[in-house]
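# Structural overview for review
Letter by letter, the chains look like this.
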Amino acid sequence: MQRRIKRVRELSPREAETEVTSKQRRLTNKVILNASNIWNETDDSIFGNISLDFKENEDYLNVNIFRDLSSDSTICGDNLNHCQNEKEDISQSQLFEFNKTFKLPNDFQEEKPKDELQGTYKFFDDIRMDCSETIFKDVNISQTNVGTLYETRGDIQNSEDIKNHNLQGLSQIYWQTQAFEEEQCNFVSKGPFYGLPAKVEQLIYSSKGIKSLYDWQQECLSLPAINQRKNLIYALPTSGGKTLVSEILMLREVLCRNKNVLFVLPYVSIVQEKVSSMSLFALEMDFLIEEYTAGKGRCPPGKFWKRNSIFVASIEKAAVLFDSLIDSKRAGEIGMIVVDEMHLIGEKGRGCTLESFLTKAMFVNDEIQIVGMSATIGNLRDLSQFLNADVYTRNFRPVELKEFIKCGNDILSIDSNNKTSVEECFQLHRSINFKYNAQFQKVDPDHIAGLVSETAPAEGVLIFCSTRKNCQNVAILLTKLLSEQKFKNHRSREKKDLLDALEKICGVIGSILADTIPFGIAYHHSGLTTDERKYIEYAYRSGVLSVICCTSTLAAGVNLPAKRVIIRAPYVGSSFMMLSQYKQMVGRAGRAGMGGSCGESFIICSSKDNFKVAQMLTSPMTKVLSSMYEENAIGLQNLVLSAIGLNIAKCRRDLVKLAETTLLFFQLHELGGDSIEKTVLTILKTMHKHSVWEFNSLKAGVDLSVFSYLDQSLNTTNKFALCNTTKIQLTMIGKAAFKAGVDFIKAKAMAIELRNSQKCMVLTNYSHLLYLVISFNSNATGNEMFQTNVSILYREYFKLDENTGYLIKALGITEGQIIRMVKNMTTKGPVELLLNRLYKTLIITDIINLMPIHLVAQKYDIDRGMIQTLTNQCIVSANSIVRLCDQIEEFWCFLSLFERISTKLDKCGSVELEPLLELPAVKMNYG
Ligand SMILES: Nc1ncnc2c1ncn2[C@@H]1O[C@H](COP(=O)(O)OP(=O)(O)OP(=O)(O)O)[C@@H](O)[C@H]1O
């Protein structure tokens with residue numbers, strides 16, 4: 001039976017005091033006992049270890065105990081910290097017990113002979129704890145497995161580079177006022193397959209077409225972190241089979257522990273793919289699988305007493321869902337959070353969302369097990385510290401991948417493993433001779449068609465291009481160069497069916513796809529609608545299409561395997577490619593289940609980029625850095641806002657402690673930041689200046705240092721002190737920002753916009769309301785997403801109906817300004833923002849008025865996919881405005897208006913479908 005220490009309750013003040021007395025005594029003992037191993041005298045082996053970091057003056061006590069991994073009689077394992085630096089902390093304590101096998105001595109006194117401390121065990125001073133070898137041995141991970149590494153959080157904490165950090169940072173605040181006791185943490189076993197019924201094993205094997213788990217998958221499922229329900233990050237190259245391990249863990253959580261699981265994935269397309277692939281398990285094993293993406297998924301979720309759920313969510317929706325659970329005091333319903341593509345935590349924007357969501361999850365419920373997966377992280381240890389997680393890495397790929405770089409006519413093989421010089425990494429493999437005539441050579445100097453025809457149409461080829469336009473151009477180019485007979489004849493009937501299906505479902509086929517599909521070639525990027533992309537993916541998977549020209553998004557966003565991957569140029573957009581992006585792309589080649597032949601990748605590189613590509617390929621893996629500190633720490637600011645709003649932080653000290661659990665905390669120094677205390681204080685000052693929070697008691701004293709900026713506006717008697725424990729709460733605008741899920745600057749700007757429009761609201765059609773919805777997402781000039789086509793806006797302006805004319809008047813746009821715009825062929829000028837927003841308003845008005853997407857796309861000369869994205873963004877914005885208005889009394893009249901807009905857009909303006917969408921089973925999905 002596995003045991004662990006479990007937090008059971010908050011200590012009563014009295015208990016805390018008693019406990020503190022003994023702890024204070026210990027703390028004043030002035031004993032410095034750095035680390036010890038527990039020595040078993042009987043067979044002379046180390047079977048676990050305890051580290052006591054206990055330093056004079058620093059008042060720091062850190063206890064690490066590792067489970068005895070080699071015997072059945074386990075020592076409870078966990079990591080307890082107590083950090084005492086402020087006077088106020090003395091009133092807080094923790095009560096923890098250890099199991100019978102091993103008891104922590106009550107008194108650590110220097111005078112006592114060390115071997116008297118424990119009956120059968122000795123403590124050896126001055127042996128710096130280094131348990132990696134022991135752990136290796138005990139979990140039976142063969143040292144000869146090249147590339148395997150398992151590090152517990154304890155190892156990482158004690159490793160050299162961590163020692164240089166401020167150790168106090170490692171203390172976990174949620175342990176400090178809690179009592180702990182041992183728990184039988186593991187689940188009720190329901191069968192032989194990692195505790196799951198044999199039926200699950202059969203379903204996995206039959207649905208995935210596999211015969212057994214890989215060695216590493218078995219090893220990973222038996223790690224101490226899994227057995228003890230500790231957090232775990234596991235990293236393997238792409239295509240290593242990571243998803244299956246997480247699926248087994250999720251099924252176990254739902255079926256054996258009767259808890260819900262939150263499965264976080266980076267793209268809506270992947271969420272939908274996962275929901276559909278796991279539905280079979282949900283049906284057979286009687287649990288629920290629910291999609292949480294932009295418009296889908298109820299927050300908080302409905303309660304199903306008999307069945308548990310796996311919530312499969314995009315990053316943004318997972319954050320909203322978890323906030324709603326905290327808000328309704330139901331965070332305990334989640335037993336496990338699984339995060340795929342963990343490295344995205346370093347991405348701008350949604351990286352912050354992921355980081356604050358995980359921070360809050362750890363903060364409010366330390367019982368939740370967090371499992372992170374990734375292929376590409378250069379600094380896993382930072383993430384391990386952040387998540388308090390063990391780390392498992394393994395250099396495993398079921399199918400060999402041969403990587404090449406193409407420079408001119410030469411193809412060099414790449415082998416960057418353990419190579420020190422560029423010469424060693426690149427070896428000439430072959431020179432190509434595709435028999436191009438002069439014309440071919442001119443239009444295709446990089447020999448893309450030659451590389452494609454070596455593989456396709458028999459096997460799949462993915463061509464990664466740096467821009468969307470380039471995807472289309474390459475697809476067209478290939479139709480001009482590839483052999484018509486060979487490519488057109490391959491599965492020609494199915495290709496015709498595909499064209500018919502695209503026309504029926506999407507209303508129209510784009511002229512490029514109409515030309516390329518007969519060759520088995522398609523392009524794939526966000527300019528296509530979701531339906532178009534789905535059809536193309538399906539046709540490629542089933543071999544009807546053999547070439548897809550795509551942007552880098554496809555590498556992470558869609559699970560499409562290929563025999564050969566061609567990287568058209570080492571750029572993503574206009575930026576030079578990073579190693580992690582390169583690995584994601586080439587990782588699509590040679591996936592398991594593709595007949596076992598190896599995969600190949602070619603990166604095409606011009607002579608000007610040769611050196612940079614070589615540097616990129618031999619550089620260390622890209623580091624993941626917190627983006628919470630960017631743009632004046634807006635990410636951390638939003639975390640502070642939501643923590644006060646959710647009532648999980650009531651005072652400045654709580655906020656500092658919360659901030660100390662972020663990834664940012666461990667990287668603040670590297671990111672050039674101030675101390676976390678100062679950063680939080682600066683944020684609080686700014687927020688107070690904007691009236692985002694207030695004291696929830698007027699008894700607060702005076703502290704000139706904290707709010708000295710008030711000097712001019714208020715006399716000193718009106719100043720408040722923000723002591724560590726002064727209670728604070730959100731003001732009305734603070735609550736509005738928090739509920740709307742935006743930063744307070746945006747919430748304030750929106751409130752001004754709504755206030756102004758309230759005076760002259762045009763309600764004769766939807767256009768004014770839609771204009772406000774567009775404003776919600778607008779940047780300073782209103783040209784986010786796409787540029788306004790000046791000629792089209794000019795044309796449409798003179799066709800506007802009377803009702804929309806009222807909006808133009810209300811906005812104050814004059815005919816003279818429109819004429820000036822078309823004369824200068826730009827919207828730039830004093831009314832730039834209004835014109836750009838107006839353009840989008842006209843587009844979305846057509847959508848709400850039921851004009852088919854492809855006609856709107858034609859009318860405004862914009863990709864269909866863009867219009868779909870704009871519509872989805874408007875649904876999210878309309879919902880946010882509803883929540884914002886709900887908090888501000890003066891906006892009462894807007895509530896039902898924006899609710900209506902959101903519903904109409906959500907149903908794509910299709911009023912006839914409304915009664916159908918009200919059916920309970922259908923409604924459930926719309927939340
Ligand atoms: N034990 C196994 N035996 C055979 N095939 C397997 C096994 N486990 C997983 N696979 C298959 O390997 C392929 C890749 O697996 P998966 O998508 O889980 O990899 P991954 O490590 O998550 O890759 P990525 O990082 O690219 O998402 C899938 O088709 C999956 O069904």
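Our subject is the structure listed above.
## Describing the packing of aromatic side chains
Applying the stated criterion across every chain, the model contains 18 aromatic pairs. Taking 5.1 Å as the distance between ring centres and 25 degrees as the angle between the ring planes, the aromatic pair formed by Phe404 and Phe602 counts as stacked. In this pair, Phe404 is assigned in strand β16 (residues 401-407) and Phe602 in strand β25 (residues 599-604), connecting sequence segments 198 residues apart. The exposure classification of Phe404 matches that of Phe602, with both residues buried. Across the ring face of Tyr267, the terminal group of Arg350 is positioned such that the distance to the ring centre comes to 4.9 Å.

## Concerning helix α12 (residues 380-387)
Of all 8 residues in α12, 7 are buried, a share of seventy percent or more. Just downstream of α12, Asn388 is the residue with a positive phi angle, here 55 degrees.

## Let's talk about the environment of Leu255
One can find Leu255 in helix α8 (residues 242-255). In this structure the C-alpha to C-alpha distance between Leu255 and Phe426, which are 171 residues apart in sequence, comes to 50 Å.

## Section: the site of the ligand
The environment of the ligand is formed by 15 residues, the closest being Ser212, Ser239, Lys242, Thr243 and Arg588. Taking Gln217, its side chain carries an N or O atom lying 3.0 Å from a nitrogen atom of the ligand. Interatomic distance of 2.8 Å between a side-chain N/O atom of Arg588 and an oxygen atom of the ligand. When the ligand is considered free in solution it has 640 Å² of accessible area, and contact with the protein chains removes 83% of it. The biggest single contributor to the shell around the ligand is α8, with 3 residues. The residue makeup of the shell around the ligand, split by class, is 5 nonpolar, 7 polar and 3 charged. Each of domain 2 (198-344 + 365-393) and domain 3 (401-618) accounts for three or more of the residues forming the shell around the ligand.

## Comments concerning the pattern of salt bridges
Going through the model one piece at a time under the given rule, you end up with 34 salt bridges. In this structure, Asp390 and Lys230 form a salt bridge, with 3.8 Å as the shortest nitrogen-oxygen distance. Placement of Asp390 in strand β15 (residues 389-393) and of Lys230 in the loop between α7 (224-227) and β9 (231-235) is noted, with a sequence separation of 160 residues between them. Of the residues examined, Asp390 reaches a relative accessible area of 1% and is grouped as buried. The exposure class assigned to Lys230 is buried, which follows from its relative accessible area of 18%. Close ionic contact of Glu347 with Arg350 constitutes a salt bridge, the shortest N to O distance being 2.6 Å.

## Focus: helix α9 (residues 268-285)
Turn by turn, an α-helix covers 3.6 residues, leaving residues three or four places apart pointing in a common direction. With 18 residues, α9 should reach 26 Å at 1.5 Å per residue; the first-to-last C-alpha distance of 25 Å fits that figure. In the structure, α9 departs most strongly from a straight axis at Met278, where the bend amounts to approximately 40 degrees. All of the buried residues along α9 are Ile270, Val271, Gln272, Lys274, Val275, Met278, Phe281, Ala282 and Met285. Of the residues one or two after α9, Asp286 is the one with positive phi, at around 60 degrees.

## Side note on the pairing of strand β14 (residues 369-374)
The side chains of a regular strand alternate between the sheet's two faces. Most of β14 is tucked away, with 6 of its 6 residues classed as buried. Every second residue of β14 is oriented toward a common face, with Gln369, Val371 and Met373 on one face and Ile370, Gly372 and Ser374 on the other, all of them buried. Relative to β14, β9 runs parallel, the two being bridged by 4 bridges. When the sheet's bridge partners are listed, Leu232 is paired in β14 with Val371.

## A few points about the environment of Val452
Along the chain, Val452 turns up in helix α15 (residues 448-453). Sequence separation of Val452 and Ser546 is 94 residues, and the distance between their C-alpha atoms is 9.4 Å. Non-local contacts of Val452, meaning those with residues more than four positions away in its chain, are made with Val461, Ile463, Leu478, Leu482, Phe487, Val547 and Ile566.

The rules behind the values
- Residues numbered from 1 in each chain as written.
- Predicted model: local features only at pLDDT ≥ 70, side-chain atom pairs only at ≥ 80, totals over all residues.
- Heavy atoms only, no water.
- Phe/Tyr/Trp six-rings, centres within 6.5 Å; stacked < 30°, edge-to-face > 60°.
- Helix = DSSP H or I, 4+ residues; strand = E, 2+ residues; numbered from the N terminus.
- Buried < 20%, exposed > 50% of the residue type's maximum accessible area, 1.4 Å probe, protein only.
- Lys NZ or Arg CZ within 6 Å of the ring centre and 35° of its normal.
- Near = heavy atom within 4 Å.
- Polar contact = N/O pair within 3.5 Å; in protein donor to acceptor, adjacent residues only side chain to side chain.
- Areas by Shrake-Rupley, 256 points an atom, 1.4 Å probe, with all protein chains shown as cover.
- Nonpolar A, V, L, I, M, F, W, Y, C, P; charged D, E, K, R; others polar.
- Domains from an automatic or database assignment.
- Salt bridge = Lys/Arg side-chain N within 4 Å of Asp/Glu carboxyl O.
- Expected span 1.5 Å × (residues − 1).
- Bend = angle between axes of the 7 residues up to and from the residue.
- Pairing = 2+ DSSP bridges.
- Contact = heavy atoms within 4.5 Å.

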